[in-house]
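# Understanding the architecture of this molecule
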Amino acid sequence: MGNLDGKIALITGAGGMKGIGRATALKLAKQGADIVLSDVQRKPENLPPQEVQARWRSIDSVAEEVEALGRRCLKIWCDLTATGQIEAMARQAADHFGHIDILVNNARAIIGRDRVPITELSEEVWRHFLEINTTAVFLVTKFVGQIMVRQGRGGRIINIASDASKRAKPMTAAYTSSKFAVLGLTQAAALDLAPHRITVNAVCPGTVNTDRLNYWEQAQARAQGVAPEAFRAQVIANSAKATPLGRVAESEDVANLVAFLASDEANFITAQAYNVNGGVLSH
Ligand SMILES: NC(=O)c1ccc[n+]([C@@H]2O[C@H](COP(=O)([O-])OP(=O)(O)OC[C@H]3O[C@@H](n4cnc5c(N)ncnc54)[C@H](O)[C@@H]3O)[C@@H](O)[C@H]2O)c1
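The rules behind each value
- Residues numbered from 1 in each chain as written.
- Predicted model: local features only at pLDDT ≥ 70, side-chain atom pairs only at ≥ 80, totals over all residues.
- Heavy atoms only, no water.
- Near = heavy atom within 4 Å.
- Polar contact = N/O pair within 3.5 Å; in protein donor to acceptor, adjacent residues only side chain to side chain.
- Areas by Shrake-Rupley, 256 points an atom, 1.4 Å probe, with all protein chains shown as cover.
- Helix = DSSP H or I, 4+ residues; strand = E, 2+ residues; numbered from the N terminus.
- Nonpolar A, V, L, I, M, F, W, Y, C, P; charged D, E, K, R; others polar.
- Contact = heavy atoms within 4.5 Å.
- Buried < 20%, exposed > 50% of the residue type's maximum accessible area, 1.4 Å probe, protein only.
- Pairing = 2+ DSSP bridges.
- Right-handed = clockwise from strand over helix to strand, strands pointing away.

## A short note on the site of the ligand
Around the ligand there are 27 residues in total, and Ile20, Asp39, Arg42, Tyr175 and Val208 lie nearest to it. Leu80 places a main-chain nitrogen or oxygen 2.9 Å from a nitrogen atom of the ligand. Alone, the ligand offers 830 Å² of accessible surface; in the complex the protein occludes 96% of this. Looking at the shell around the ligand, the elements with two or more residues in it are helix H6 (173–193) and helix H7 (212–224). Residues that form the shell around the ligand fall into these classes: twelve nonpolar, nine polar and six charged.

Written as structure tokens, this is what we have:
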């Protein structure tokens with residue numbers, strides 16, 4: 001028996017083989033929740049090479065793992081740039097399980113084309129990042145929030161933000177702006193939903209050992225003429241060296257905090273943004 005028995009959790013961007021979404025799905029399932037997994041169907045060229053090699057099948061693969069833990073699982077393919085699909089996802093999840101108790105806004109735009117100085121950043125890339133990292137968080141919160149309010153049984157909304165929500169790095173204007181906005185959205189939504197006992201919090205990871213690094217890494221490795229694996233190992237080693245706790249986060253480190261915020265123990269915590277970064281940033 002877990003402390004999330006009987007709860008239904010919806011997680012966006014949940015299909016990554018090493019992603020925070022998958023780790024969160026498995027953690028919440030182990031604590032007793034049934035899971036709604038959502039992701040977009042990506043073209044092979046947009047997938048991390050490890051996923052292609054491992055014949056990873058996004059939320060289809062994660063669903064098998066959730067079901068192996070004895071929990072029920074619903075898969076919903078949803079492109080978060082399409083408002084109609086977001087509204088349909090919320091409705092389908094609630095119709096299938098009868099209620100939604102936990103929402104984890106985890107999806108984000110694929111890193112890569114945004115890694116340029118602001119003078120070279122295209123308006124299209126800027127808009128794409130804002131659309132997925134910020135506007136979609138608003139829309140999923142709005143439609144799932146409407147369902148939670150109607151249900152009258154409280155709820156938990158957890159937004160996966162970033163250390164980039166609190167401090168910029170060079171060549172991240174689109175990502176940083178989109179993630180700063182998530183903290184404002186978290187606070188505002190928390191105030192609107194507090195009368196309904198729905199808490200809204202953000203989790204801000206530093207560098208996590210996911211495949212996320214690869215989109216950007218591949219281009220860098222190509223430019224420097226080194227193997228992507230070697231380049232990746234160097235990125236991780238450098239981040240670990242710059243981290244007081246001496247390593248980068250694993251997705252499970254982030255999932256552990258999400259599980260706490262989703263639990264009854266966190267019922268007086270709302271409108272907050274917590275770091276999971278090994279001590280790199282303290283505000
Ligand atoms: N990995 C890190 O180092 C790191 C650091 C700080 C914050 N984060 C945050 O953690 C969260 C998860 O990141 P991750 O590293 O696990 O990445 P990930 O790439 O595994 O997850 C992102 C997911 O978003 C999905 N997605 C992309 N476009 C979409 C669309 N149009 N519609 C629906 N889904 C779409 C992708 O398919 C993918 O599954 C993100 O919000 C990210 O900003 C990650």
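Continuing now.
## Focus on the environment of Ser263
Relative to the helices and strands, Ser263 resides in the loop between helix H9 (251–262) and strand S7 (273–276). For the pair Ser263 and Thr135, spaced 128 residues apart in sequence, the C-alpha to C-alpha distance is 26 Å. Those residues in contact with Ser263 that sit more than four places away from it in its chain are Asn3, Leu4 and Arg156.

## Some points on the pairing of strand S1 (residues 8–11)
A two-sided burial pattern is seen for S1, the buried positions comprising Ile8 and Leu10 on one face and Ala9 and Ile11 on the other. Examined bridge by bridge, S1 and strand S2 (residues 34–39) share four bridges and lie parallel to one another. Pairing of Ala9 across the sheet is with Ile35, part of S2. The handedness of the S1 to S2 crossover, carried by helix H1 (residues 20–30), is right-handed.

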